[in-house]
Amino acid sequence: MYWYDILMTPIQYPISGQSSKGISESIESAIHTGATPPGARLPSVRGLATELGVAPGTVAAAYRTLRDRGMIETGGRNGTTVRAQPPRPLLRSRSSPLPPNVIDLSDGQPDPALLPSLRLDALAARPGPAAAPGEAVLPELLAVARQRLGADGVPSDFVTVASGGLDAIERVLSTTLRSGELVAVEDPGWPNVLDLLAATGLRTHPLELDSEGPLPQSLSEALTRGARSVIITSRAQNPTGTDLTPDRARLLRRVLAGFPQTLVIEDDHAAELARAPLASLAESTASWAFVRSTSKPYGPDLRLAVVAGDATTIARVESRVRVGSGWISTLLQRLVLELWTDPEAASTVAAAADEYTARRCSLQQALAERGVATGGTSGLNVWVPVHNETTSVLRLMQAGWAVAPGSRFRQESAPGIRITVSALEPESIPKLADDVAAALVDDVAQPLSS
(Lines give C-alpha, C1' and ligand atoms only; values in the text may rest on other atoms or scores of the structure.)
Protein backbone atom coordinates (compact mmCIF):
# COMPACT_ATOMS: atom_id res chain seq x y z
CA MET A 1 0.00 0.00 0.00
CA TYR A 2 1.34 3.42 -0.99
CA TRP A 3 0.27 6.99 -0.19
CA TYR A 4 -2.33 7.01 -2.95
CA ASP A 5 -3.93 3.82 -1.56
CA ILE A 6 -4.48 5.42 1.82
CA LEU A 7 -6.36 8.31 0.26
CA MET A 8 -8.78 5.93 -1.46
CA THR A 9 -11.97 4.70 0.19
CA PRO A 10 -12.61 1.02 -0.62
CA ILE A 11 -16.01 0.42 -2.20
CA GLN A 12 -18.01 -2.72 -2.77
CA TYR A 13 -17.14 -3.93 -6.25
CA PRO A 14 -19.48 -6.15 -8.27
CA ILE A 15 -17.64 -9.00 -10.03
CA SER A 16 -18.61 -9.50 -13.66
CA GLY A 17 -17.73 -11.77 -16.56
CA GLN A 18 -19.00 -14.89 -18.30
CA SER A 19 -15.64 -16.51 -18.97
CA SER A 20 -12.72 -17.31 -16.69
CA LYS A 21 -10.71 -14.56 -18.43
CA GLY A 22 -13.48 -12.00 -17.98
CA ILE A 23 -13.99 -12.89 -14.31
CA SER A 24 -10.26 -12.79 -13.50
CA GLU A 25 -9.84 -9.44 -15.27
CA SER A 26 -12.81 -7.99 -13.37
CA ILE A 27 -11.35 -9.01 -10.01
CA GLU A 28 -7.82 -7.93 -10.96
CA SER A 29 -9.10 -4.50 -11.99
CA ALA A 30 -10.87 -4.13 -8.65
CA ILE A 31 -7.68 -5.05 -6.80
CA HIS A 32 -5.56 -2.59 -8.79
CA THR A 33 -7.97 0.31 -8.30
CA GLY A 34 -8.38 -0.37 -4.58
CA ALA A 35 -12.08 -1.16 -4.87
CA THR A 36 -11.31 -4.62 -3.48
CA PRO A 37 -8.67 -3.96 -0.80
CA PRO A 38 -5.92 -6.30 0.48
CA GLY A 39 -7.36 -8.95 2.77
CA ALA A 40 -10.84 -8.74 1.24
CA ARG A 41 -12.61 -12.09 1.12
CA LEU A 42 -13.87 -13.19 -2.28
CA PRO A 43 -17.07 -15.19 -2.82
CA SER A 44 -16.88 -18.97 -2.81
CA VAL A 45 -16.48 -20.67 -6.16
CA ARG A 46 -20.02 -22.03 -6.12
CA GLY A 47 -21.49 -18.82 -4.75
CA LEU A 48 -19.93 -16.64 -7.45
CA ALA A 49 -20.80 -19.19 -10.15
CA THR A 50 -24.45 -19.05 -9.12
CA GLU A 51 -24.42 -15.25 -9.01
CA LEU A 52 -22.90 -14.97 -12.50
CA GLY A 53 -24.77 -17.89 -14.00
CA VAL A 54 -21.64 -19.79 -15.05
CA ALA A 55 -20.20 -23.20 -14.28
CA PRO A 56 -18.19 -23.56 -11.03
CA GLY A 57 -15.24 -24.70 -13.14
CA THR A 58 -15.19 -21.32 -14.88
CA VAL A 59 -14.87 -19.45 -11.57
CA ALA A 60 -12.30 -21.97 -10.31
CA ALA A 61 -10.19 -21.33 -13.43
CA ALA A 62 -10.42 -17.57 -12.88
CA TYR A 63 -9.32 -17.92 -9.26
CA ARG A 64 -6.47 -20.19 -10.33
CA THR A 65 -5.26 -17.55 -12.80
CA LEU A 66 -5.35 -14.85 -10.12
CA ARG A 67 -3.52 -17.08 -7.66
CA ASP A 68 -0.79 -17.79 -10.23
CA ARG A 69 -0.41 -14.02 -10.76
CA GLY A 70 0.04 -13.47 -7.02
CA MET A 71 -3.20 -11.52 -6.66
CA ILE A 72 -5.13 -13.83 -4.30
CA GLU A 73 -4.49 -16.68 -1.92
CA THR A 74 -6.54 -19.63 -0.77
CA GLY A 75 -6.65 -20.40 2.91
CA GLY A 76 -8.76 -23.56 3.07
CA ARG A 77 -11.63 -22.94 5.46
CA ASN A 78 -10.77 -19.24 5.49
CA GLY A 79 -11.78 -19.04 1.86
CA THR A 80 -10.15 -17.02 -0.90
CA THR A 81 -8.79 -13.56 -0.10
CA VAL A 82 -6.83 -10.77 -1.78
CA ARG A 83 -3.15 -10.97 -0.86
CA ALA A 84 -1.88 -8.46 1.68
CA GLN A 85 0.63 -7.21 -0.93
CA PRO A 86 -0.79 -7.96 -4.38
CA PRO A 87 1.49 -7.03 -7.28
CA ARG A 88 0.71 -3.55 -8.62
CA PRO A 89 1.23 -2.27 -12.15
CA LEU A 90 3.85 0.45 -12.56
CA LEU A 91 1.42 2.73 -14.39
CA ARG A 92 -0.73 2.91 -11.28
CA SER A 93 1.68 5.18 -9.48
CA ARG A 94 2.06 7.40 -12.53
CA SER A 95 -1.69 7.80 -12.86
CA SER A 96 -2.06 8.95 -9.24
CA PRO A 97 -0.34 12.34 -9.05
CA LEU A 98 0.64 13.83 -5.75
CA PRO A 99 -1.37 16.70 -4.37
CA PRO A 100 0.12 20.14 -5.14
CA ASN A 101 3.08 21.29 -3.04
CA VAL A 102 3.83 17.78 -1.74
CA ILE A 103 7.45 16.59 -1.99
CA ASP A 104 7.77 12.94 -2.99
CA LEU A 105 10.04 11.03 -0.61
CA SER A 106 8.40 7.69 -1.31
CA ASP A 107 9.72 6.27 -4.56
CA GLY A 108 13.13 4.86 -3.52
CA GLN A 109 14.81 6.02 -6.74
CA PRO A 110 18.14 7.87 -7.06
CA ASP A 111 18.37 11.61 -7.66
CA PRO A 112 18.61 12.17 -11.46
CA ALA A 113 20.95 15.10 -10.84
CA LEU A 114 23.48 12.76 -9.18
CA LEU A 115 23.61 10.16 -11.95
CA PRO A 116 26.57 9.98 -14.32
CA SER A 117 26.13 10.80 -17.99
CA LEU A 118 25.43 7.66 -20.03
CA ARG A 119 28.02 8.82 -22.61
CA LEU A 120 26.02 7.63 -25.59
CA ASP A 121 28.11 9.84 -27.86
CA ALA A 122 31.31 8.07 -26.86
CA LEU A 123 29.63 4.71 -27.32
CA ALA A 124 28.51 5.58 -30.83
CA ALA A 125 31.90 6.96 -31.76
CA ARG A 126 33.76 3.83 -30.71
CA PRO A 127 32.28 0.62 -32.12
CA GLY A 128 32.59 -2.02 -29.47
CA PRO A 129 33.18 -5.76 -29.49
CA ALA A 130 30.41 -8.25 -30.06
CA ALA A 131 29.96 -11.40 -28.04
CA ALA A 132 31.12 -14.52 -29.82
CA PRO A 133 28.46 -17.12 -30.70
CA GLY A 134 27.42 -18.96 -27.57
CA GLU A 135 28.91 -16.32 -25.24
CA ALA A 136 26.48 -14.55 -22.92
CA VAL A 137 28.88 -11.82 -21.78
CA LEU A 138 31.18 -9.53 -23.73
CA PRO A 139 34.74 -10.63 -22.95
CA GLU A 140 35.79 -7.10 -22.01
CA LEU A 141 32.82 -6.67 -19.69
CA LEU A 142 33.48 -10.07 -18.15
CA ALA A 143 37.08 -9.14 -17.39
CA VAL A 144 36.11 -5.88 -15.69
CA ALA A 145 33.23 -7.53 -13.81
CA ARG A 146 35.57 -10.18 -12.43
CA GLN A 147 38.02 -7.51 -11.36
CA ARG A 148 35.33 -5.51 -9.55
CA LEU A 149 33.79 -8.56 -7.89
CA GLY A 150 37.17 -9.90 -6.88
CA ALA A 151 38.03 -6.59 -5.20
CA ASP A 152 35.03 -7.21 -2.91
CA GLY A 153 35.95 -10.82 -2.23
CA VAL A 154 33.25 -12.37 -4.43
CA PRO A 155 34.42 -15.49 -6.33
CA SER A 156 34.07 -14.81 -10.04
CA ASP A 157 35.01 -18.01 -11.87
CA PHE A 158 31.48 -18.17 -13.26
CA VAL A 159 29.80 -14.89 -14.21
CA THR A 160 26.90 -13.94 -16.47
CA VAL A 161 24.55 -11.00 -16.99
CA ALA A 162 20.81 -10.43 -16.72
CA SER A 163 18.35 -7.63 -17.47
CA GLY A 164 18.52 -6.04 -14.04
CA GLY A 165 18.57 -7.31 -10.49
CA LEU A 166 15.00 -8.58 -10.32
CA ASP A 167 15.38 -10.38 -13.64
CA ALA A 168 18.50 -12.08 -12.30
CA ILE A 169 16.74 -13.18 -9.12
CA GLU A 170 13.80 -14.52 -11.11
CA ARG A 171 16.04 -16.51 -13.44
CA VAL A 172 18.03 -18.00 -10.57
CA LEU A 173 14.88 -19.02 -8.70
CA SER A 174 13.03 -20.36 -11.72
CA THR A 175 15.86 -22.65 -12.75
CA THR A 176 16.14 -24.27 -9.32
CA LEU A 177 12.83 -24.10 -7.43
CA ARG A 178 9.34 -25.31 -8.24
CA SER A 179 6.00 -23.66 -7.55
CA GLY A 180 4.90 -24.08 -3.95
CA GLU A 181 8.39 -24.28 -2.45
CA LEU A 182 9.41 -22.04 0.43
CA VAL A 183 11.79 -19.06 0.16
CA ALA A 184 13.15 -17.16 3.17
CA VAL A 185 13.03 -13.42 2.51
CA GLU A 186 13.79 -10.37 4.65
CA ASP A 187 10.96 -8.82 6.64
CA PRO A 188 10.55 -5.95 5.95
CA GLY A 189 11.89 -6.40 2.45
CA TRP A 190 11.81 -5.29 -1.17
CA PRO A 191 8.18 -5.38 -2.43
CA ASN A 192 9.23 -6.40 -5.94
CA VAL A 193 10.73 -9.60 -4.60
CA LEU A 194 7.57 -10.35 -2.62
CA ASP A 195 5.52 -9.77 -5.77
CA LEU A 196 7.86 -11.95 -7.81
CA LEU A 197 7.64 -14.84 -5.36
CA ALA A 198 3.86 -14.62 -5.27
CA ALA A 199 3.55 -14.40 -9.04
CA THR A 200 5.77 -17.47 -9.54
CA GLY A 201 3.87 -19.54 -7.00
CA LEU A 202 6.63 -19.60 -4.39
CA ARG A 203 5.79 -19.28 -0.71
CA THR A 204 7.62 -16.92 1.63
CA HIS A 205 8.99 -17.29 5.14
CA PRO A 206 9.84 -13.96 6.81
CA LEU A 207 13.41 -13.38 7.99
CA GLU A 208 13.58 -11.15 11.04
CA LEU A 209 16.10 -8.30 10.85
CA ASP A 210 18.04 -6.22 13.30
CA SER A 211 20.64 -3.50 12.74
CA GLU A 212 23.24 -6.04 11.49
CA GLY A 213 21.09 -8.00 9.07
CA PRO A 214 18.95 -11.16 9.24
CA LEU A 215 18.90 -12.90 12.61
CA PRO A 216 20.69 -16.29 12.56
CA GLN A 217 17.92 -17.84 14.67
CA SER A 218 15.29 -16.66 12.19
CA LEU A 219 17.29 -18.10 9.27
CA SER A 220 17.69 -21.40 11.11
CA GLU A 221 13.95 -21.55 11.75
CA ALA A 222 13.15 -20.88 8.08
CA LEU A 223 15.53 -23.56 6.85
CA THR A 224 14.31 -26.05 9.44
CA ARG A 225 10.76 -25.47 8.20
CA GLY A 226 11.82 -26.37 4.68
CA ALA A 227 12.93 -23.16 2.96
CA ARG A 228 14.80 -24.17 -0.18
CA SER A 229 16.26 -20.73 -0.83
CA VAL A 230 17.12 -17.51 1.01
CA ILE A 231 17.33 -14.01 -0.47
CA ILE A 232 19.48 -11.54 1.48
CA THR A 233 20.40 -7.93 0.69
CA SER A 234 24.11 -7.33 1.14
CA ARG A 235 24.00 -3.58 1.75
CA ALA A 236 21.54 -0.67 1.85
CA GLN A 237 18.66 -3.08 2.47
CA ASN A 238 15.33 -1.83 1.16
CA PRO A 239 13.48 -0.44 3.10
CA THR A 240 15.57 -0.38 6.29
CA GLY A 241 18.99 0.70 4.98
CA THR A 242 20.65 -2.10 6.96
CA ASP A 243 24.07 -3.44 5.97
CA LEU A 244 25.02 -7.06 6.57
CA THR A 245 27.96 -6.88 8.97
CA PRO A 246 30.99 -9.22 8.84
CA ASP A 247 30.16 -10.68 12.26
CA ARG A 248 26.56 -11.38 11.24
CA ALA A 249 27.71 -12.88 7.94
CA ARG A 250 29.92 -15.33 9.83
CA LEU A 251 26.99 -16.40 12.01
CA LEU A 252 24.74 -16.84 8.98
CA ARG A 253 27.42 -18.96 7.31
CA ARG A 254 27.42 -21.26 10.33
CA VAL A 255 23.67 -21.72 10.00
CA LEU A 256 23.90 -22.34 6.26
CA ALA A 257 26.63 -24.94 6.79
CA GLY A 258 23.95 -27.17 8.28
CA PHE A 259 21.81 -26.80 5.14
CA PRO A 260 24.35 -27.13 2.31
CA GLN A 261 21.76 -27.58 -0.47
CA THR A 262 20.11 -24.19 0.17
CA LEU A 263 20.11 -21.77 -2.75
CA VAL A 264 21.57 -18.52 -1.39
CA ILE A 265 20.85 -15.36 -3.39
CA GLU A 266 22.59 -12.11 -2.46
CA ASP A 267 21.23 -8.82 -3.76
CA ASP A 268 23.85 -6.06 -3.90
CA HIS A 269 21.52 -3.55 -5.57
CA ALA A 270 23.19 -0.44 -4.14
CA ALA A 271 26.68 -1.58 -5.20
CA GLU A 272 28.97 1.45 -5.46
CA LEU A 273 26.48 3.70 -3.64
CA ALA A 274 26.89 1.74 -0.41
CA ARG A 275 29.80 2.98 1.65
CA ALA A 276 29.78 -0.11 3.88
CA PRO A 277 32.29 -2.85 2.99
CA LEU A 278 30.74 -5.95 1.48
CA ALA A 279 30.26 -8.98 3.76
CA SER A 280 29.36 -11.65 1.24
CA LEU A 281 27.81 -15.07 1.78
CA ALA A 282 29.21 -16.39 -1.51
CA GLU A 283 30.08 -20.10 -1.50
CA SER A 284 28.42 -20.64 1.88
CA THR A 285 26.41 -23.44 0.21
CA ALA A 286 26.71 -25.52 -2.94
CA SER A 287 24.16 -23.36 -4.80
CA TRP A 288 24.57 -19.60 -4.69
CA ALA A 289 24.24 -16.44 -6.74
CA PHE A 290 25.55 -12.94 -6.12
CA VAL A 291 23.60 -10.26 -8.00
CA ARG A 292 24.97 -6.77 -8.55
CA SER A 293 22.79 -4.42 -10.58
CA THR A 294 23.73 -1.12 -12.19
CA SER A 295 20.43 0.78 -11.96
CA LYS A 296 20.92 2.48 -8.59
CA PRO A 297 24.43 3.91 -9.16
CA TYR A 298 24.07 4.61 -12.89
CA GLY A 299 20.34 5.10 -13.54
CA PRO A 300 17.02 3.22 -13.28
CA ASP A 301 16.85 2.74 -17.07
CA LEU A 302 20.18 0.90 -17.14
CA ARG A 303 18.68 -2.58 -16.77
CA LEU A 304 21.71 -4.80 -16.41
CA ALA A 305 23.01 -6.92 -13.56
CA VAL A 306 26.12 -9.03 -13.19
CA VAL A 307 25.54 -12.45 -11.65
CA ALA A 308 28.30 -14.54 -10.10
CA GLY A 309 27.63 -18.01 -8.74
CA ASP A 310 28.44 -21.68 -8.79
CA ALA A 311 28.95 -23.35 -12.16
CA THR A 312 25.57 -25.08 -12.25
CA THR A 313 23.53 -22.03 -11.27
CA ILE A 314 25.23 -19.76 -13.81
CA ALA A 315 24.88 -22.38 -16.57
CA ARG A 316 21.16 -22.68 -15.80
CA VAL A 317 20.68 -18.91 -15.91
CA GLU A 318 22.42 -18.65 -19.27
CA SER A 319 20.36 -21.54 -20.65
CA ARG A 320 17.16 -19.80 -19.55
CA VAL A 321 18.26 -16.59 -21.30
CA ARG A 322 18.92 -18.49 -24.53
CA VAL A 323 15.44 -20.02 -24.64
CA GLY A 324 13.85 -16.68 -23.73
CA SER A 325 15.26 -13.36 -24.92
CA GLY A 326 18.26 -15.12 -26.51
CA TRP A 327 20.88 -12.73 -25.11
CA ILE A 328 21.33 -9.60 -23.06
CA SER A 329 21.84 -6.59 -25.33
CA THR A 330 25.50 -6.23 -26.22
CA LEU A 331 24.86 -2.52 -26.72
CA LEU A 332 23.76 -2.31 -23.09
CA GLN A 333 26.80 -4.32 -22.02
CA ARG A 334 29.09 -1.94 -23.90
CA LEU A 335 27.43 1.03 -22.21
CA VAL A 336 28.05 -0.47 -18.75
CA LEU A 337 31.64 -1.24 -19.74
CA GLU A 338 32.06 2.39 -20.84
CA LEU A 339 30.76 3.61 -17.48
CA TRP A 340 32.82 1.18 -15.44
CA THR A 341 36.04 2.23 -17.16
CA ASP A 342 35.33 5.98 -17.21
CA PRO A 343 37.09 7.86 -14.35
CA GLU A 344 34.58 10.70 -14.62
CA ALA A 345 31.64 8.31 -14.13
CA ALA A 346 33.38 6.71 -11.16
CA SER A 347 33.91 10.14 -9.63
CA THR A 348 30.25 11.05 -10.16
CA VAL A 349 29.04 7.84 -8.49
CA ALA A 350 31.42 8.37 -5.57
CA ALA A 351 30.15 11.93 -5.14
CA ALA A 352 26.55 10.65 -5.22
CA ALA A 353 27.36 8.10 -2.51
CA ASP A 354 28.81 10.87 -0.36
CA GLU A 355 25.76 13.08 -0.95
CA TYR A 356 23.25 10.34 -0.08
CA THR A 357 25.26 9.54 3.04
CA ALA A 358 25.22 13.19 4.07
CA ARG A 359 21.47 13.56 3.48
CA ARG A 360 20.64 10.35 5.30
CA CYS A 361 22.89 11.05 8.27
CA SER A 362 21.64 14.62 8.56
CA LEU A 363 18.03 13.47 8.61
CA GLN A 364 18.74 10.72 11.13
CA GLN A 365 20.58 13.13 13.38
CA ALA A 366 17.78 15.70 13.15
CA LEU A 367 15.19 13.04 13.98
CA ALA A 368 17.27 11.72 16.89
CA GLU A 369 17.44 15.26 18.32
CA ARG A 370 13.64 15.23 18.28
CA GLY A 371 13.39 11.83 19.95
CA VAL A 372 12.54 9.86 16.80
CA ALA A 373 14.33 6.52 16.41
CA THR A 374 15.42 5.44 12.93
CA GLY A 375 17.15 2.54 11.25
CA GLY A 376 19.61 2.36 8.36
CA THR A 377 23.33 2.75 7.77
CA SER A 378 23.61 3.13 3.99
CA GLY A 379 21.65 3.66 0.80
CA LEU A 380 18.80 5.97 -0.13
CA ASN A 381 16.26 5.22 2.60
CA VAL A 382 15.56 5.85 6.28
CA TRP A 383 13.20 3.52 8.14
CA VAL A 384 11.12 5.08 10.92
CA PRO A 385 9.23 2.67 13.21
CA VAL A 386 5.69 3.87 13.92
CA HIS A 387 2.59 2.57 15.64
CA ASN A 388 0.02 3.54 13.02
CA GLU A 389 1.25 3.80 9.45
CA THR A 390 -1.94 5.27 8.02
CA THR A 391 -2.07 8.09 10.55
CA SER A 392 1.63 8.88 10.17
CA VAL A 393 1.50 8.94 6.37
CA LEU A 394 -1.63 11.10 6.28
CA ARG A 395 -0.21 13.59 8.78
CA LEU A 396 2.99 13.90 6.76
CA MET A 397 0.98 14.27 3.54
CA GLN A 398 -0.89 17.15 5.11
CA ALA A 399 2.47 18.69 6.09
CA GLY A 400 3.71 18.44 2.49
CA TRP A 401 5.63 15.14 2.43
CA ALA A 402 4.80 11.87 0.68
CA VAL A 403 6.45 8.88 2.35
CA ALA A 404 5.95 5.16 1.82
CA PRO A 405 3.91 3.22 4.38
CA GLY A 406 5.66 0.11 5.61
CA SER A 407 2.76 -2.23 4.90
CA ARG A 408 3.96 -2.65 1.32
CA PHE A 409 7.30 -3.98 2.60
CA ARG A 410 6.21 -6.06 5.58
CA GLN A 411 5.06 -9.62 6.18
CA GLU A 412 4.97 -9.98 9.95
CA SER A 413 7.33 -7.24 11.14
CA ALA A 414 6.30 -4.14 13.10
CA PRO A 415 4.87 -1.07 11.33
CA GLY A 416 7.05 1.69 9.96
CA ILE A 417 7.41 4.29 7.22
CA ARG A 418 10.16 4.60 4.63
CA ILE A 419 11.62 8.00 3.78
CA THR A 420 13.74 8.24 0.62
CA VAL A 421 16.44 10.90 0.92
CA SER A 422 17.36 11.22 -2.76
CA ALA A 423 14.91 14.11 -3.35
CA LEU A 424 15.60 15.72 0.02
CA GLU A 425 17.20 19.16 -0.09
CA PRO A 426 19.56 19.77 2.87
CA GLU A 427 17.83 23.02 3.86
CA SER A 428 14.49 21.21 4.17
CA ILE A 429 15.74 18.57 6.61
CA PRO A 430 14.89 20.50 9.82
CA LYS A 431 11.30 21.06 8.68
CA LEU A 432 10.91 17.42 7.68
CA ALA A 433 12.27 16.30 11.05
CA ASP A 434 9.86 18.64 12.83
CA ASP A 435 6.95 17.31 10.77
CA VAL A 436 7.89 13.66 11.35
CA ALA A 437 8.15 14.26 15.08
CA ALA A 438 4.77 16.00 15.04
CA ALA A 439 3.22 13.17 13.03
CA LEU A 440 4.41 10.67 15.62
CA VAL A 441 2.93 12.44 18.63
CA ASP A 442 1.08 9.78 20.65
CA ASP A 443 2.59 7.20 18.30
CA VAL A 444 5.36 5.21 19.98
CA ALA A 445 7.20 2.34 18.30
CA GLN A 446 10.46 0.48 18.82
CA PRO A 447 13.34 0.55 16.30
CA LEU A 448 14.96 -2.55 14.84
CA SER A 449 16.67 -4.27 17.75
CA SER A 450 20.41 -3.90 18.08
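Structure: see above.
Residues numbered from 1 in each chain as written. Predicted model: local features only at pLDDT ≥ 70, side-chain atom pairs only at ≥ 80, totals over all residues. Heavy atoms only, no water.

Enquirer: Help me out: how do you make sense of the pairing of strand β11 (residues 305–309) in this one?
Expert: Consecutive side chains of a regular strand alternate in pointing toward one face of the sheet and then the other. Counting buried positions over the five residues of β11 gives five, a clear majority of the element. Both faces of β11 are covered, namely the face carrying A305, V307 and G309 and the face carrying V306 and A308. Bridge analysis of strand β4 (residues 159–162) against β11 gives four bridges, and the strand direction is antiparallel. Looking at the pairing, T160 lines up with V307 of β11. Summarising the sheet, strand β10 (residues 287–293) and β11 pair through five bridges and their orientation is antiparallel. Looking at the pairing, V291 lines up with V307 of β11. (Buried < 20%, exposed > 50% of the residue type's maximum accessible area, 1.4 Å probe, protein only. Helix = DSSP H or I, 4+ residues; strand = E, 2+ residues; numbered from the N terminus. Pairing = 2+ DSSP bridges.)

Enquirer: Sorry if this is basic, but what is going on with the environment of A414 here?
Expert: Summarising the element assignment, A414 is placed in the loop between β14 (404–405) and β15 (416–420). Measuring from C-alpha to C-alpha, the distance between A414 and D187 comes to 9.2 Å, with 227 residues separating the pair along the chain.

Enquirer: Help me understand helix α2 (residues 20–33) in this model?
Expert: In an α-helix, one full turn covers 3.6 residues, which means residues spaced three or four apart are oriented alike. Taking 1.5 Å per residue as the helical rise, α2 with its 14 residues ought to reach 20 Å, and the 20 Å between its terminal C-alpha atoms agrees with that figure. Restricting attention to buried positions, one finds in α2 the residues I23, S24, S26, I27, E28, A30, I31 and H32. Residue G34 follows α2 closely and has a positive phi angle near 90 degrees. (Expected span 1.5 Å × (residues − 1).)

Enquirer: I would appreciate a short explanation of the sheet that holds strand β12 (residues 381–385) in the present structure.
Expert: Sheet strands pair by backbone hydrogen bonding; their relative direction is either parallel or antiparallel. Pairing in this open sheet of three strands is antiparallel, and the strands run β12-β15-β14 from one edge to the other. At either end of the open sheet lies a strand with only one pairing partner, and these are β12 and β14. Relative to β15, β12 is paired through five bridges, and the arrangement is antiparallel. Following the sheet pairing, P385 is matched in β15 by G416. This element, helix α15 (residues 343–369), spans β12 and β15 of the sheet and lies at about 20 degrees to β12. Sheet strands in contact with helix α16 (residues 389–399) are β14 and β15, and its direction is about 35 degrees off that of β15. (Contact = heavy atoms within 4.5 Å. Axes fitted to C-alpha atoms, helices over the stretch in contact; angles between N-to-C directions.)

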